[in-house]
Every structure is written in C-alpha cells, then in structure tokens.
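# Overview (structure and organization)
These are the residues of each chain, in order.
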Amino acid sequence: MQKFFVLLLLALPAVLLTVNTGSSPFAFAAEDELDEELVDVETEDAAVVADETEPEDEPETTKSPDADTYLLFTRPLHATGSQLELPAGYPVEFLVGFTNKGEFEDFVVESVEASFRYAMDFSYFIQNFSAVPYNREVKPGHEATVSYSFLPTESFAGRPFGLNIALNYRDGRGNQFSEAVFNETVQITEVDEGLDGETFFLYVFLAAIVILLLVLGQQFLGSYGKRKRPTAARKVVETGTASTKDVDYEWIPSETLKQLQNSPKGAPKSSPKQSPRQRKAKAGVQ
C-alpha cells in the first residue's frame, strides 16, 4: 500500500502535465508574454499615430492667399534651377517683392530676416542674421519691394548650408504671416583673388629690402676692394739743372758767358742763343 501511494505521488505530476485542461501554468505564461508583446505593439503604433497627427495641429502655411512674394538676387546673380553660390567674405544682396492681390484689406510688410541652417536638417540654426524692419503699407492691388543684404563669414568657405529668407507681414485684421521666400541649400565658395592690397604692399616691402641689401653689398665690396689694393708711391725724380736746353742766357753778361765757355766744368754743350746786342758787343771786342 505504501508503495502504491508512492507511485501515485510520482505519477500525479506527470498526469497533470500531460492532460490539457486549458488552465496549465505554462499556457498562462505564454499568454502573458503574448499580451505584453501586443501591448508594446499597440503603444508603438499609438506613438506613431500621435507623431503623425502632431503636424496637423500646426498651421499648414503662413502665407496669405491674398499676397504674392518673389525674390531676386542682385549680388551675386543667380540663375533659376542652379545651386546658388555665395562668395565668402563678400556681401550678398537681394530684393524681395510683395504684391497685394486682395481687394479690401491692406497689408503691412514688417521685416525681412535671413539665417543659415544645417544642410541636413533645416530646423538646426547655424547663424542668424539681423532682421531689417520696414513696416511698409501696401494697398490692395499695389506692390512693394524691399532690399536686404548680409555677409557670409569667411570661416564658412567650402561648405554647404541651408539658406532661409523669411518675409514677415500682416493683414488689416492683425493676422501675422511669415513666408519663406527662399529655403534652399547654397554653397559658400572661397574667392581666390589675383592680387589684393595686402599682397601688393608685401611685394613692395620685399622689393625694398632686396634693393637695400644690394646697395649695402655694393658698398661693402667697394670698400673691401680699396683696402686690398696696394697704394704705389710715386717716385719723384729731381732733374735739377742737368738739362740746359731750357735755360735762358740772355740776361747773363757776355763776360760771364766767356768765362763759362772757357772753364772746363761749366761749359754748356750747346751755344746759347744770343741777342743782337750781344752779337754787336762781341763783334766790337774782336
């Protein structure tokens, strides 16, 4: 009897596991997991639906049906259909036109503003430019044109950015509108100038230094050559009275000339020229 009771205790759990009563603990666990998965899926779907319905709460557009706007780039010129390229470090100028197509309400063009956005996400601002206020009233059937300019910084050169240009205006009932007249990706380019002012003065300064070095080198070489050159002393030759060709004997008396001619040392080799008076005196003596 005891052995039978032990066998019954051992067999009872196996029977409970094999018999499908629809209320097994494993089935409950599986159903709980399925329920959790279903709940998760439903919550994700609900979140997706909520995300999709959020934009419906925002206004679809901030443009008035009674207004038309247009944009014209004057510097640099831009051809429709091509990507706009803005030179870094140079002002960008454009005109924004506004037309009141209504028949009864006036519009007031309040301001124009521009900003650089991240090219992959236009909701991320890179740089905001100042908004220029105009507060210009536009009657029904009339047009108005306003100008705007900004300066892209040189550090943005070589990179694309999203350019957003917004025109802010209101109607006669006070309704505010902010229309994006330009919202595209632009390329900031680097301008390679041939010769600017700084480069020109740099070249002039370098040329002046080269000329100064040449002048100093020439002076140094000239002074160094003078020092190395020997100064040859000129020999002064004293001729004395060795040559008697240029001696004038006219002032010497004839008696002295005779004595000089008769003396063995001082006799001149060539007879001196005698004046007519000396010749007459010599002829009288003879």
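Residues numbered from 1 in each chain as written. Predicted model: local features only at pLDDT ≥ 70, side-chain atom pairs only at ≥ 80, totals over all residues. Heavy atoms only, no water.

### Quick notes on the overall build of the protein chain
The condition that has to hold: Helix and strand assignments follow DSSP, with helices taken as H or I runs no shorter than four residues and strands as E runs no shorter than two, numbered in order from the N terminus. Relative accessibility thresholds used throughout: buried, under 20% of the residue-type maximum; exposed, over 50%; partly exposed, between the two (1.4 Å probe, protein chains only). Note on areas: Shrake-Rupley, 1.4 Å probe, and residue coverage restricted to the protein chains presented here.
Scanning the protein chain for helices and strands turns up five helices and nine strands. With 286 residues in all, the protein chain has 20% of them scored as buried. Accessible area for the protein chain stands at about 22300 Å²; split by element, carbon and sulfur atoms hold 57% of it.

### A few points about the sheet that holds strand β3 (residues 92-100)
The criterion, for reference: A pair of strands is labelled paired if DSSP reports no fewer than 2 bridges between them. Whenever a helix is involved, its axis is fitted only over the stretch in contact; in every case the axis is a line through C-alpha atoms, and angles between N-to-C directions fall within 0 to 180 degrees.
In spatial order, the strands read β1-β3-β7; together these three strands make up an open sheet with antiparallel pairing. Edge positions in the sheet fall to β1 (67-75) and β7 (143-150), since each has one partner strand and no second. Averaged over neighbouring strand pairs, the angle between their axes works out to 20° when direction is ignored. By the bridge criterion, eight bridges tie β3 to β7 in an arrangement that is antiparallel. Note on β7: the bridge partner recorded for Val-96 is Val-146.

### Digging into the packing of aromatic side chains
Think of a pair of aromatic rings as described by two things: how far the centres are apart, and how the planes are tilted against each other in angle. The condition is simple: A pair of Phe, Tyr and Trp rings is counted when the ring centres sit within 6.5 Å of each other, with Trp represented by its six-membered ring. The angle between the planes then sorts it: under 30 degrees is stacked, over 60 is edge-to-face, the rest tilted.
Taken as a whole and judged by the stated rule, the model has 16 aromatic pairs. Considering the side-chain rings of Phe-73 and Phe-182, the 5.4 Å spacing of their centres and the 80° angle between planes classify their relative orientation as edge-to-face. Here the residue Phe-73 occupies a position in strand β1, and Phe-182 occupies one in strand β9 (residues 176-189), the gap between them amounting to 109 residues. Plain terms: the ring middles of Phe-107 and Tyr-169 are 5.9 Å apart, the flat faces sit at 65° to each other, and that makes the pair edge-to-face. You can see Phe-107 sitting in strand β4 (residues 107-118) and its partner Tyr-169 sitting in strand β8 (residues 160-171), a full 62 residues away along the chain. By relative accessible area, Tyr-169 is classed as buried at 0%. Taken together, the aromatic side chains of Phe-73, Phe-94, Phe-116, Phe-129, Tyr-148, Phe-150, Phe-156, Phe-161 and Phe-182 make up a single cluster linked through ring pairs.

### Some thoughts on the pattern of salt bridges
Counted only if it meets this: Salt bridges are defined by distance alone: a side-chain nitrogen of Lys or Arg within 4 Å of a carboxyl oxygen of Asp or Glu.
Summed over the entire model, instances satisfying the criterion amount to seven salt bridges. The partner of Glu-179 in a salt bridge is Lys-63, with the nearest N and O atoms 3.9 Å apart. Residue Glu-179 is located in strand β9, and its partner Lys-63 is located in the loop between α2 (25-57) and β1; the two are separated by 116 residues in the primary sequence. Of the residues examined, Lys-63 reaches a relative accessible area of 35% and is grouped as partly exposed. Here Arg-170 makes a salt bridge to Glu-110, at a shortest N to O gap of 2.5 Å. Of this pair, Arg-170 sits in strand β8 while Glu-110 sits in strand β4, placing them 60 residues apart in sequence. Here the salt bridges share partners, and the residues they tie into one network are Glu-105, Asp-171 and Arg-173.

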